[in-house]
Every structure is written in structure tokens, then in C-alpha cells.
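Here's the letter readout for the chains.
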Amino acid sequence: MANKVLEEIPVLIVGGGIVGLSAGLFLHHHEVPFIQIERNPDVSPLPRARGFSARTLELLRSVELQERIEAVARTAWKQGKFGGARRGASLLTSESLPLADITKLHALADPSPCELTACPQTIVERVLRNALAERGGDVRFGWELLRFEQHDERVTTTVRDSAGMERRIQASYVFAADGGRSEIRRSLGIDRYGIEPNCHYINIFFEADLTEQVAGRTFSQCEISNEHVSGLFLAMNNTTQWSFHLTYDPASDHPEKWPDERLVHLVKAAIGADVAVKIHASSPWNTRVRVADRYREERIFLIGDAAHVMPPWGGFNANTGIADAHNLAWKIARVLKGEDSSSLLDTYETERRPVANRNGEQAWLRTDFNARFQIRSDDNADFFDRLTDYGELQMRYRYGANDTVDMLCAQPGTRFPHAWIEHKGQRRSTLDLLGTSFTSIIGPTAVRPDEDIVFRAGTDFRFVDEAVSWNSLTGLPDDGVLSIRPDGFVVF
Ligand SMILES: Cc1cc2nc3c(=O)[nH]c(=O)nc-3n(C[C@H](O)[C@H](O)[C@H](O)COP(=O)(O)OP(=O)(O)OC[C@H]3O[C@@H](n4cnc5c(N)ncnc54)[C@H](O)[C@@H]3O)c2cc1C
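Worth saying up front: this structure is predicted, and the values here are computed from it rather than measured.

Caption draft 1: Expanded view of the overall build of the protein chain. Assigned secondary structure in the protein chain consists of 14 helices and 28 strands. In terms of C-alpha radius of gyration, the protein chain reaches 23 Å, essentially the compact-globule figure of 23 Å for 492 residues. Judged by the C-alpha coordinates and their principal axes, the protein chain covers about 70 × 65 × 40 Å. Residues classed as buried in the protein chain amount to 54% of the 492 residues present. Counting only carbon and sulfur atoms, one obtains 47% of the accessible surface of the protein chain, whose full area is about 20900 Å².

Encoded structure:
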């Protein structure tokens, strides 16, 4: 019978995409009970993100998943490596862009225990889903949110379970991780603003054995333009799995309605050879930037694509969304445990929305293929000269001031800097000292603060690299004291 079953839970996560699944892992880390519902029966088969930033890997390291992600990433590329760009009339005749070297794009990488890790989103999502299941996370695939009402103390939702039965779930808070077309955001009447799209694509995920054709010339992106077709190949495993992003003009064309045979024909024209092509899935997208006007409506929080969408260039969107989830999880945990007032939750929007705005603009500027691969020309100078580096965008943002810093040096509002340390006989990162509570990290001669968790440089840990000291890492004198939030940011 409809609405018969009623469950109560501190947090309901709506959406089991990469951001929703990350939110589940972060809430589990903070021991916050949650239910997660995902409309689809399984994780999405559509390959999208392939680059996970060092900061994202740090967040996954904090929930003990860094090694697992790195392990699956090592097996994701069946030949060659990830990276590089090519351009031409067809994939077969394309030529390499000499400057398109991913290591150069990330040359300014900030010290981190992690690295940019290339792995298709489809594989990463499965790792996250499995980890949640192993840890006892209540994740329900095939369940859909139908409607919700907000009350003073809770949100009452009606959901449809995987057997088609309507149920009710009452939650203290709801995380709307329901993607770019978020029905929750629309129901709340939250508008978005941003930058209009300058390109429209159909993402065609297909299988074709191109092992021989790309042997010794693998790439991350290959831009194609000929008289029949223009678009972009993105490599998914460098042998059999690919996506082709077909460029189209929405004013005159509707390729989302075209039969697969027509798409196959165009993919072959882009490859430049009559190879067997099997389409797995296709879906339209465009290069618009949209950021929600508000990230919070009382007890409901928008995270990930529900809060912001941006072009994939630079690989910012999923990474930004995972960091949203990380920022929100510890705050919700503290408020639910009575350790902080609910006003702490307002800082989720004030901290994360400026990051999405900045990343969205930078992603949009990278729509120009040359600019994306560090090639400046007269044509793209307007875009190129406004680009900022990846480390600044993904690692060096400063909450509070809502700007970025040149170098992480324990400035208030920034991510505490990484250095390798020896702690309890083990080689660890300074970031590994941080747990689920506030942590004090203090200089060698500082007066010990009256806090539960305190680490003194030189006593509780020592720096492995002799060139690194408390002063060089933090810019503070020996009696300096720092308080670090559970998400690794220096209290400001
Ligand atoms: C071609 C392409 C390439 C990309 N490359 C990159 C990249 O390199 N790096 C990067 O960082 N990002 C990239 N992105 C962006 C990235 O894929 C998205 O930012 C990411 O998938 C967003 O995750 P999400 O969990 O917020 O939303 P989604 O992945 O959209 O997940 C939302 C989920 O919510 C579910 N849902 C919706 N409504 C309901 C409901 N009522 N009840 C239950 N469940 C519901 C949906 O079924 C869906 O599974 C790319 C995107 C595209 C299109």
C-alpha cells in the first residue's frame, strides 16, 4: 500500500553518481547514518570524467581508497598511456600536437601524497559503490525520489523502491546529488546562471577494436574535422573503448534523434576506416556553465552537478563535486552530533559556490582546443591569457577570502600543506594526521593548546625531508599553533 512504510534517517542522499557515492563514503567516515537512493539499477555505463585530480585522490585517501583507485587506474589503459592530443581529418591521419603533454599541464603540481590519476569514471564509480557496500552503506539502486516536503525539523520524502512500491523516508537533511537536470533543484525553484554554450555535442560511447591503428600513437583527445563530420575522440582504454563527441548545430540538427546506423557511419568517417563499430550509448551535452544561485534551501543541499555544470575541458566538474561532498559531510556530522550550530551549514555555500564559479569559467575558456593544450595563437589569445593553472584551481583556493594563493603555506582558509613525515615509525603525509575532528598541529616550542588532538612538530612527528621544517612548511615561528578542520583546511 502507498506510503505505508516510513523510515527515519539523519541524511538521505538522492543520486548514486560519482558525487552521491563520494558523499556516502564521507558520511560513513564521519559515522553519520544515511540512506542513498539511485534511480538506475546500476552505475552509469556512460564514460565521462577520466581525470581525477591530486586533491580528489587526497579525499579518497582519507577514506582509504587511494590505493584501490590507483590499482584500477593502472589496468584501465590497455596500451600506451593516458595523455596527449592529436588533430586531423581523421583519426588515422591525425598528427600529434607537440606541446600536448599532460605532465606539462600539471607541472606546477603542489606537493601532495597523491597524483592526478587517469581512470574512466565508470570504473571509479564501481569502486566507490563496492566500497560503500563492503562498509555497510545503505545504498539502494533502483530507488527513485518522487516528491518531498520540508518541515521545521525534517524533510519528508516519497520514494519508489526497486519493486515499484511507494515508501516514505524522513530525513533530517537531504543531499541532492541528482545531477545536472536536478529535479530537486527545480522543485525548490533555485535558478542557475552562467555562461552560454559555444559548442553542442553528442557523446557517442562505442566499441571498436582500434588497437593496431593507435599503437604507438595513443592520445587523450583527438580533434577531427573533415567534410562529413567534426568532433572529438576521447580515449577510454586505448584499444576497444572510445567515445566520439560529435559536434552539431542545434538550430539545424537533432542527432539525438538519429538512428544508430547514422551515428556509426559518422564515427567511421571520423576514424577514417571501415572498422566494426558498436554503439553502447549516446547522450547530448553542451559547453554551458551553470551554477545554482543557492546551494541550500533549509534542510536540502545541492551537491555536484545538481549545483554546477561546466564543460569537461580541464576535468573540473566531477572533481569539484566530490570536494563539495567532502566539504558538506563533516559539517553535517558536527551539527547532527550537536558539536556546532546549524549556521555552520551556511558556510557550505559561501565556500563552495565561488570555487564552482571559478572552475566553470576556466573550463569554458578551455573550449578552444589549442588553449586546452597550452598552444597560444592570435585566435585564442583572449582565452589563453585568462587561463590559470590546475593546481591553483584544484588545490590552492582559499575559503573566506574566496581567492587563490600562489603557494600553500598554511594560510588561514587553505588546505594544510603536505610534507612527508615519520609518525609512529611510519612514513606518512602531514594530511594523514587529520581525522574526523579538529586537529591542532603546533610548532616545536608552542604552548600546548587545550585540545584533544594535538601533534607537535619534532616530537610527535618529524619531517622526512631535511629541507622541510615547521617554519618552511607553515611560515610560522617555532611557537606557532594551527587548528585544522576535518576537511584539511586551516581554520580562518
Ligand atoms: C563528456 C564528458 C566528459 C567529462 N569529463 C570530466 C572530467 O574529465 N573530469 C571531471 O571532473 N568531470 C568530467 N565530466 C563531468 C562529470 O561527468 C560530472 O560532473 C559528474 O558525473 C557529476 O556527478 P554527479 O554525481 O553530480 O551527477 P550524475 O553523474 O549526473 O549523477 C546523478 C545521479 O542521480 C540520479 N537521479 C536523478 N534523479 C533522481 C531521483 N529522482 N531519484 C533517484 N536518483 C536520481 C541519476 O540517475 C544519476 O545517476 C564530464 C562530463 C561529460 C559529459
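Caption draft 2: Examining unusual backbone geometry more closely. Of note in this structure, Glu64 is not a glycine but carries a positive phi near 60°. Its place among the elements puts Glu64 in the loop between helix H2 (54-62) and helix H3 (66-76). Of note, the phi angle at Glu298 is positive, near 55°, even though the residue is not glycine. Following the sequence through the fold, Glu298 ends up in the loop between strand E18 (296-297) and strand E19 (300-302).

Caption draft 3: Here's a closer look at the sheet that holds strand E17 (residues 289-292). Taken together, three strands build an open sheet; the order of strands is E11-E17-E20 and the sheet is antiparallel. Each edge of the open sheet is held by one strand with a lone partner, namely strand E11 (192-195) and strand E20 (308-309). Direction of pairing for E17 relative to E20: antiparallel, over a ladder of two bridges. The partner of Arg290 across the bridge, within E20, is Val309. Its contacts with the sheet put helix H10 (residues 346-365) on E11, E17 and E20, and the angle it makes with E17 is roughly 175°.

Caption draft 4: Region of interest: the site of the ligand. Around the ligand lies a shell of 33 residues, among which Glu38, Gln121, Leu145, Asp305 and Ala318 are the nearest. The backbone of Val19 places a nitrogen or oxygen atom 3.0 Å from an oxygen atom of the ligand. In the model, an oxygen atom of the ligand is placed 3.5 Å from a nitrogen or oxygen of the Ala177 main chain. Surface burial for the ligand is 90%, taken as the share of its 1000 Å² of free accessible area covered by protein chains. Breaking the shell around the ligand down by element, the ones donating at least two residues are helix H1 (18-29), strand E2 (34-38), strand E8 (144-150) and helix H9 (317-336).

Caption draft 5: Up close: the packing of H9 against H10. Between H9 and H10, the least distance of the axes is 10 Å, while the angle of their chain directions is 170°. On the basis of their axis angle, the class for H9 and H10 is roughly antiparallel. In this structure, H9 uses Thr320, Ala323, Asp324, Asn327, Leu328 and Lys331 to contact H10, whose residues at the interface are Thr347, Tyr348, Glu351, Arg352, Val355, Ala356 and Asn359. Classifying every residue of the contact of H9 with H10 by side-chain character gives five nonpolar, four polar and four charged.

Caption draft 6: A look at the packing of aromatic side chains. Using the criterion set out here, one finds 18 aromatic pairs in the structure. Both rings, one in Phe461 and one in Phe463, keep their centres 5.5 Å apart while their planes meet at 90°; by these two values the pair is edge-to-face. The pair formed by Phe461 and Phe463 is uniform in burial state, with each residue classed as buried. Three or more aromatic residues joined by ring pairs make a cluster, and in this case those are Tyr173, Tyr295, Phe301 and Tyr348. Stacked on the ring of Trp258, the Lys or Arg Arg262 has its end atom at 3.7 Å from the ring centre. Geometry around Tyr173 places Arg299 over its ring, the cationic atom sitting 5.0 Å from the centre.

Caption draft 7: Here's a closer look at the sheet that holds strand E4 (residues 85-88). With respect to topology, seven strands assemble into an open sheet ordered E5-E4-E13-E14-E15-E12-E16, the strand pairing being mixed. Either end of the sheet is taken by a strand with one partner, and the two such strands are strand E5 (95-96) and strand E16 (278-286). Pairing of strand E14 (residues 230-235) with strand E15 (residues 241-248), which is carried by five bridges, proceeds in the antiparallel orientation. What sits directly across from Leu234, in E15, is Ser243.

Caption draft 8: Expanded view of the nonpolar core. Core analysis: the biggest nonpolar cluster contains 117 residues, and Phe206, Phe233 and Phe244 have the highest contact counts within it. The residues touching Phe206, leaving out its near neighbours within four places in the chain, are Phe233, Thr240, Gln241, Trp242, Ser243, Phe244, Val267, Ile271, Val277, Lys278, Ile279 and His280. Counting 16 residues, the second-largest nonpolar core is a separate cluster that includes Leu433, Ala457, Phe461 and Phe463.

Caption draft 9: The side chain of Arg140, seen in detail. Among the structural elements, Arg140 can be located in strand E7 (residues 138-141). A distance of 2.8 Å separates the side chain of Arg140 from the side chain of Glu7, its partner in a polar contact. Filtering out sequence-adjacent residues up to four positions away, Arg140 remains in contact with Glu7, Ile35, Gln36, Ile37, Glu38 and Ile169.

Caption draft 10: Inspection of helix H5 (residues 121-134) at higher detail. Compared with the 20 Å implied by 1.5 Å per residue over 14 residues, the 20 Å span of H5 between its first and last C-alpha is a close match. On its buried side, H5 packs onto H1, E2, strand E3 (51-52), H2, H3 and E7.

Caption draft 11: Representation of the domain arrangement of the protein chain. Assigned domains within the protein chain: domain 1 (6-49 + 120-193 + 290-364), domain 2 (80-111 + 199-286) and domain 3 (420-484). The centre of domain 2, based on its C-alpha atoms, is set 47 Å off from the matching centre of domain 3.

Caption draft 12: Representation of helix H8 (residues 260-271). With twelve residues, H8 should reach 16 Å at 1.5 Å per residue; the first-to-last C-alpha distance of 16 Å fits that figure. Within H8 the residues assigned to the buried category are Leu263, Val264, Leu266, Val267, Ala270 and Ile271. Looking straight down H8, one finds that the buried residues subtend no more than 165° of arc, so they occupy a single side. Looking at H8, the residues exposed on the side facing more than 90 degrees away from the buried face are Glu261 and His265. On its buried face, H8 is in contact with strand E12 (200-207), strand E13 (221-225), E14, E15 and E16. In the stretch just after H8, Gly272 is the one whose phi turns positive, near 90°.

Rules used in this analysis
- Sequence positions are assigned chain by chain, starting from 1 and proceeding in written order.
- Restriction of local features to residues with pLDDT of at least 70 applies here, the model being predicted, together with a cutoff of 80 or more for giving and counting side-chain atom pairs; totals for whole chains, interfaces and linings are based on all residues.
- Excluding hydrogens and water, the side-chain values take into account all heavy atoms of the structure.
- For helices the rule is a DSSP run of H or I covering at least 4 residues; for strands it is a run of E covering at least 2, with both sets numbered from the N terminus onward.
- As a reference, a globule follows 2.2 Å times the number of residues to the power 0.38, and the radius of gyration itself is taken over C-alpha atoms.
- Each residue is assigned to one of three classes by its accessible area relative to the maximum for its type, calculated with a 1.4 Å probe on protein chains only: buried under 20%, partly exposed between the two thresholds, exposed over 50%.
- With residues, only the protein chains shown are counted as cover, and all accessible areas are computed by Shrake-Rupley using a 1.4 Å probe.
- A pair of strands is labelled paired if DSSP reports no fewer than 2 bridges between them.
- Contacts are residue-level and defined by heavy atoms, with any inter-residue pair within 4.5 Å sufficient.
- Working convention: axes come from line fits to C-alpha atoms, limited for helices to the stretch in contact. Angles between N-to-C directions cover 0 to 180 degrees.
- Definition of nearness: a residue and a molecule or strand are near each other if at least one heavy atom of the residue lies within 4 Å of the molecule or strand.
- Identification of polar contacts relies on pairs of N or O atoms within 3.5 Å, with a donor-acceptor requirement for protein atoms, meaning one able to donate a hydrogen and the other able to accept it, and with residues adjacent in sequence counted only if both atoms are side-chain atoms.
- Should an angle fall under 35 degrees it is called roughly parallel, over 145 degrees roughly antiparallel, and 65 to 115 degrees roughly perpendicular, with every other angle called oblique.
- Note on residue classes: Ala, Val, Leu, Ile, Met, Phe, Trp, Tyr, Cys and Pro are nonpolar, Asp, Glu, Lys and Arg are charged, and everything else, Gly too, is polar.
- The aromatic pairing rule takes the rings of Phe, Tyr and Trp, using the six-membered ring of Trp, and pairs them if the centres are within 6.5 Å, calling planes under 30 degrees apart stacked, those over 60 edge-to-face and the rest tilted.
- The criterion is that NZ of a Lys, or CZ of an Arg, lies within 6 Å of the ring centre and within 35 degrees of the ring normal, and then a charge sits over that ring.
- To qualify as a nonpolar core, a set must consist of buried Ala, Val, Leu, Ile, Met, Phe, Trp, Tyr and Cys residues joined through side-chain atoms within 4.5 Å.
- Here a helix's expected span is defined as the number of its residues, less one, multiplied by 1.5 Å.
- Note that the domain bounds were set by an automatic or database domain assignment.
- This arc is built from the directions going out from the helix axis to the C-beta atoms.

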